[in-house]
Amino acid sequence: MSSLLALIRHEGTLAPRSFCRLTSIVAATGRMFHNVESSNPYRSSSTEIALDAHDPIRDVLALARPRTVAPVPLRAEAPWAVRYSPFPHIKLGVVVEGECWLCIDGLEALRLAKGDFFLLGNPPPYGLGSSVEAARNRNPDGLLPESSSASRNTTSQDSATYMCSVDFEFPDSDSSALFSSLPTVTLVKAGDTDERLLWNIVTLLIHEMERQKVGRSLVLEHVAQILLVQMLRSHAGLSHGPLGWLASVADDGIGAALRAMHAEPGRRWTLEELARIAMMSRSAFAAAFRGKVGRPPLDYLIEWRMQLARAALHTEDSLAAIAETTGYRSESAFSTAFRRVVGISPREFRTSLRPQRKGRAPAGSALMSDED
C-alpha cells in the first residue's frame, strides 16, 4: 500500500532543478530488453518497473498540482438538485445508495444508480438531481421548480440518494490542459469489469469521510488519488480514441516509449530510438503513436517539454538553465519553441505570473472537507 501511495503522491511544482536530476528507469548494463542491447533499458508495462520510474500519470499529477477537495457526502430525498458552474477541475463521484440524474449542458441526461462511478473532465455547467428538470433548471435562489417532482424523468420518490464525490481543482490556469485528452464524462457502471475494484477503494474513502480520526486528511488525499488513477486506467482501457499521456497505461509498446520520454525529456530523442524501445519499425511506431496519443512522437515530446518549462518559469531559474534542462542548446531555440507552442515568449509568460503570485496560497496540494 505504501509503495502505491508513494508512486502517485503529489510532489508540488516541478522546478528545473528537480527534473535536471532525472534518472533512468533501471540501470542494467549489458542486458537485453526488447531484443536490443542497452545500458539504459526502458521496460514495458508488462515487466518490472522501479518505483522511482517516471510514470507519465505520476508526472502529470505532480506537474498539475491539483488541489484535492472532498465535499461532505450528499444525502437527499426527492425532489432535490445541485448545480455546478464551470471551472478547471475533475470531479469523481459514486452513487452509494439510491439513484439520480447527471445533466451536463450540451449532453444527454445520464441516469446513475447504486454502484455507478463517474469522472468529469473540465465539464461545462452541470447538475445532479432527482429529475432531469431539477438537475438542469435549478433556480438562481436555490429553489426547485414546482414542476420538477411531477416530471416523468424522475428517480424513485421513496428512496434517498447517498453520493460521495471528490474534486481535483487546478490552481494554475494552464494545468488543466494536461487533462485535455479526457472526455467530458466517463462512466463505470455497476457490474462493469473495474467496478468491484473501484468499490473496494471507495469503501475506504467513505469510511474516512464519516469518521474523525487521526490522519484522516492524509488518508483521504491518498485514497482519492488512487481512485482517480484507477478511473483513468478504466477510461484508457475502454477508449478507442486518442489518449495523450494516458496511452502509457493502455499500450505496452507505446507506453514504453512514453515513459522513456518522461524519464529523459531533455534528451535529443530520434524516431528510430523510440521505435526501438517500442519494439516496432519506425513507420509502424509513428502510425501507432499518432493513433494512440493523438499526435506524432516528437510533437508530443516538445509539448511535454513546454509543460515542464511552464512549471519551471514559476521559479527564479534563468531562461538559459531552463532551456538546457528541457533539451535546447540555446535560450533562443528554447524561446522559439516555447512561443510556437504556448503563443507567447517565456519572458512574457513569466511576467504574466506575477499578479497570480500575490494572492496565491502556498504551493502544494491540500484536501479539505466541509466537516473539517
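Look up a bit, the structure's there.
So, here is what we can say about the structure in this document. (Residues numbered from 1 in each chain as written. Predicted model: local features only at pLDDT ≥ 70, side-chain atom pairs only at ≥ 80, totals over all residues. Heavy atoms only, no water.)

1. Some remarks on the pairing of strand 6 (residues 89–97)
Put simply, the rule is: The rule is simple: take the accessible area with a 1.4 Å probe, protein chains only, and divide by the maximum for that residue type; under 20% is buried, over 50% is exposed, in between is partly exposed. Put simply, DSSP H or I for four residues or longer makes a helix, DSSP E for two residues or longer makes a strand, and each gets a number counted from the N terminus. We call two strands paired when DSSP finds no fewer than two bridges between them.
Of all nine residues in strand 6, eight are buried, a share of seventy percent or more. Two elements, strand 6 and strand 11 (residues 161–169), share eight bridges in a ladder whose sense is antiparallel. Residue pairing across strands places Ile90 opposite Phe168, the latter belonging to strand 11. Summarising the sheet, strand 6 and strand 9 (residues 117–121) pair through five bridges and their orientation is antiparallel.

2. A closer look at the sheet that holds strand 5 (residues 81–84)
The cut-off we apply is this: Only the contacting stretch of a helix is used when fitting its axis, a line to C-alpha atoms as for every element, and angles between N-to-C directions run 0 to 180 degrees.
Across the sheet, four strands lie side by side as 5-10-7-8; this open sheet has antiparallel pairing. Both outer strands of the open sheet, strand 5 and strand 8 (110–113), are each paired with one neighbouring strand and no more. Strand-to-strand, the axes of this sheet are offset by a mean angle of 20 degrees, without reference to chain direction.

3. Some details on the packing of aromatic side chains
For clarity, the cut-off: Geometry of aromatic contacts follows a simple scheme: Phe, Tyr and Trp rings, the Trp one being its six-membered ring, pair when their centres are within 6.5 Å, and the pair is stacked under 30 degrees between planes, edge-to-face over 60, tilted otherwise. Two conditions define a charge sitting above a ring: the NZ of Lys or the CZ of Arg must be within 6 Å of the ring centre, and it must be within 35 degrees of the ring normal.
Evaluation of the coordinates by the stated rule reveals nine aromatic pairs. Geometrically, the ring pair formed by Tyr84 and Tyr126 is stacked, given 4.7 Å between the ring centres and 15 degrees between the ring planes. Separated by 42 residues along the polypeptide, Tyr84 in strand 5 and Tyr126 in strand 10 (residues 126–129) bring together distant segments of the chain. The cationic tip of Arg75 hangs over the ring face of Tyr162; the distance from NZ or CZ to the ring centre is 4.2 Å.

4. Some details on the environment of Ala224
Let me state the cut-off plainly: By the convention used here, residues are in contact when the closest approach between their heavy atoms is within 4.5 Å.
Here Ala224 is to be found in helix 6 (residues 216–238). Of the residues examined, Ala224 reaches a relative accessible area of 1% and is grouped as buried. Those residues in contact with Ala224, other than ones at most four positions away along the chain, are Thr68, Val166, Phe168 and Leu205.

5. Some words on the pattern of salt bridges
As a working rule, side chains carrying opposite charge can pair if their charged atoms are close by. As a reminder of what qualifies: Any carboxyl oxygen of Asp or Glu that lies within 4 Å of a side-chain nitrogen of Lys or Arg is treated as forming a salt bridge with it.
Within this structure, the stated rule accounts for 14 salt bridges. Across the pair Glu99 and Arg111 runs a salt bridge whose closest N-O atoms are separated by 2.4 Å. In this pair, Glu99 is assigned in strand 7 (residues 99–104) and Arg111 in strand 8, connecting sequence segments twelve residues apart. Overall, the relative accessible area of 40% leaves Arg111 in the partly exposed class. Notably, a salt bridge pairs Arg267 with Glu273, separated by 3.0 Å at the nearest N-O pair.

6. Some remarks on the packing of helix 3 (residues 56–64) against helix 10 (residues 297–312)
Defined as follows: Two helices that cross are described as forming a left-handed crossing if the nearer one is turned anticlockwise from the farther one by less than a right angle, and a right-handed crossing if clockwise. Note on residue categories: nonpolar means Ala, Val, Leu, Ile, Met, Phe, Trp, Tyr, Cys or Pro, charged means Asp, Glu, Lys or Arg, and polar means any other residue, Gly included.
Where helix 3 contacts helix 10, the axes come no closer than 10 Å and their chain directions differ by 35 degrees. Here the hand of the crossing between helix 3 and helix 10 comes out left-handed. Contacts from Asp59, Val60 and Leu63 of helix 3 reach helix 10 at Trp304, Gln307, Leu308 and Ala311. Partitioning the contact of helix 3 with helix 10 into residue classes produces five nonpolar, one polar and one charged.

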